Every structure is written in C-alpha cells, then in structure tokens.
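Residues per chain are reported as follows:
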Amino acid sequence: MGNRTFKIFIGFLLLATLGLVVSIYLYNKPHVDVKESEAAYVLTAQNLIDEYQTNEMDTNKKYSETVIQVKGTIFEISTLKGNSVITIRDEGLESSIICHMLPEENKRTLQFKKGDEINVKGICTGYLMDVIMVRCTLVD
C-alpha cells in the first residue's frame, strides 16, 4: 500500500508543478502590440453596433479579444486616469463605441473634436449597452 500511495503523491506533485509552470507562463505573457498588429476586421461603428444588437452572443465570439478597426464619428472625448477616451456614435444611435486610448495617443487625441471622422484600432472586449475597446490607437 505504501508504494501505491507514493506513486499517487508523485503524480499529484507532477500535475501541481505543471499547473504552476503554465500559470506563470500565461501570467507573464506579453500583451498584443495593437499598433503593429493587423486588424482582423475593419468596419464602421454602425455595422459593429448593429451586429451586437442583432445577436450579441455570436458577435461576442467573433470580436471578443480581437484587434478590430472601426471608423466613425466622434461623439465625445474625455479622460480616465490620465488617458484619453473617445466615444464614437453615429447620429440616431443610442449605443456607442467607447475607445480607451493608449497613453502615447493622448497628444494626437487632443487634435480632434466632436463631429470629426476617425479610424480607431483596438482590442474589442465586449458589449455592455456600448461596445468597449481597449489599448486603442488612431489609424491614419
């Protein structure tokens, strides 16, 4: 019985070590460089919001944690914790796209005003009455 218990203990120890190594690897995995990444999808603000309102679950599977590029009209520019936040909304829409910009985009963001057309590339994180994008950058 002692030999069997020892084998179970060694097996458990190996699994725990493997789990720890995988956890450390995933925790230290570098972020996606949005500026250098190619957008998986290029669409308008209207199209993105329409897709989410039509079928949120399928659209979330399609865009969530993916780099996308969105073209739309600036509704509002604000700051959150020192970083710019651009809200894109087309006329007549209740929902919008909230883009949390990278810190290095703050200076460029100040050049824009409400009503300007822009292209923003970022990582889509989902939909909560508005589409949320993080680590966004302006596209020329």
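What you are looking at is a predicted structure, and each value in this text was computed from that prediction instead of being measured.

1. Points about the confidence of the model for the chain
Next up, step 1: For the chain, the average pLDDT comes to 91, and 99% of its residues sit at 70 or higher.
Next up, step 2: By mean pLDDT, the top-scoring element of the chain is strand β4 (residues 97-101) (96), and the lowest-scoring one is helix α1 (residues 2-27) (89).

2. Focus: the environment of cysteine 99
Next up, step 1: Structurally, the position occupied by cysteine 99 is in strand β4.
Next up, step 2: In this structure the C-alpha to C-alpha distance between cysteine 99 and arginine 89, which are 10 residues apart in sequence, comes to 11 Å.
Next up, step 3: Filtering out sequence-adjacent residues up to four positions away, cysteine 99 remains in contact with Ser84, Val85, Ile86, Ile88, Val120, Met133 and Cys136.

3. A few points about helix α2 (residues 45-54)
Next up, step 1: Taken as a whole, α2 has its buried residues at Ala45, Leu48, Ile49 and Tyr52. Buried residues in α2, looked at end-on, bunch into an arc of 95 degrees, giving them a common side.

4. Re the nonpolar core
Next up, step 1: Grouped together as the largest cluster of nonpolar side chains are 23 residues, with contacts concentrated most on Leu48, Ile86, Ile88, Ile97, Cys99, Val120 and Val131.
Next up, step 2: Elements with a contribution of two residues or more to this core: α2, β2 (66-80), β3 (83-88), β4, β5 (117-127) and β6 (131-138).
Next up, step 3: Ignoring anything within four residues of it in the chain, the contact list for valine 120 reads Ile68, Gln69, Val70, Ile88, Cys99, Met101, Met133, Cys136, Thr137, Leu138 and Val139.

5. Observations regarding the side chain of glutamine 69
Next up, step 1: Position of glutamine 69 among the secondary structure elements: in strand β2.
Next up, step 2: Residues within four places of glutamine 69 in sequence aside, it is in contact with Ala39, Tyr41, Val42, Leu43, Asn119, Val120, Lys121 and Val139.

6. A look at the side chain of threonine 87
Next up, step 1: Looking at where threonine 87 falls in the secondary structure, it is placed in strand β3.
Next up, step 2: Threonine 87 gets classed as buried once you look at its relative accessible area, which sits at 8%.
Next up, step 3: Excluding its chain neighbours within four sequence positions, the residues that come into contact with threonine 87 are Thr73, Ile74, Phe75, Glu76, Ser96, Ile97 and Ile98.

7. Quick word on the pattern of salt bridges
Next up, step 1: Using the criterion set out here, one finds 5 salt bridges in the structure.
Next up, step 2: Where glutamate 51 meets lysine 62, a salt bridge forms, and the shortest distance between an N and an O atom there is 3.4 Å. Residue glutamate 51 is found in helix α2, and its partner lysine 62 is found in helix α3 (residues 56-63); the two are separated by 11 residues along the sequence.
Next up, step 3: Judged by its relative accessible area of 25%, glutamate 51 falls in the partly exposed class.
Next up, step 4: According to the relative accessible area criterion, lysine 62 is partly exposed, its value standing at 34%.
Next up, step 5: Overlapping salt bridges bring together Lys35, Glu105, Arg108 and Asp140 as one network.

Rules used throughout
- Residues numbered from 1 in each chain as written.
- Predicted model: local features only at pLDDT ≥ 70, side-chain atom pairs only at ≥ 80, totals over all residues.
- Heavy atoms only, no water.
- pLDDT = per-residue confidence, 0-100.
- Helix = DSSP H or I, 4+ residues; strand = E, 2+ residues; numbered from the N terminus.
- Contact = heavy atoms within 4.5 Å.
- Buried < 20%, exposed > 50% of the residue type's maximum accessible area, 1.4 Å probe, protein only.
- Arc of directions from axis to C-beta.
- Core = buried A, V, L, I, M, F, W, Y, C linked by side-chain atoms within 4.5 Å.
- Salt bridge = Lys/Arg side-chain N within 4 Å of Asp/Glu carboxyl O.

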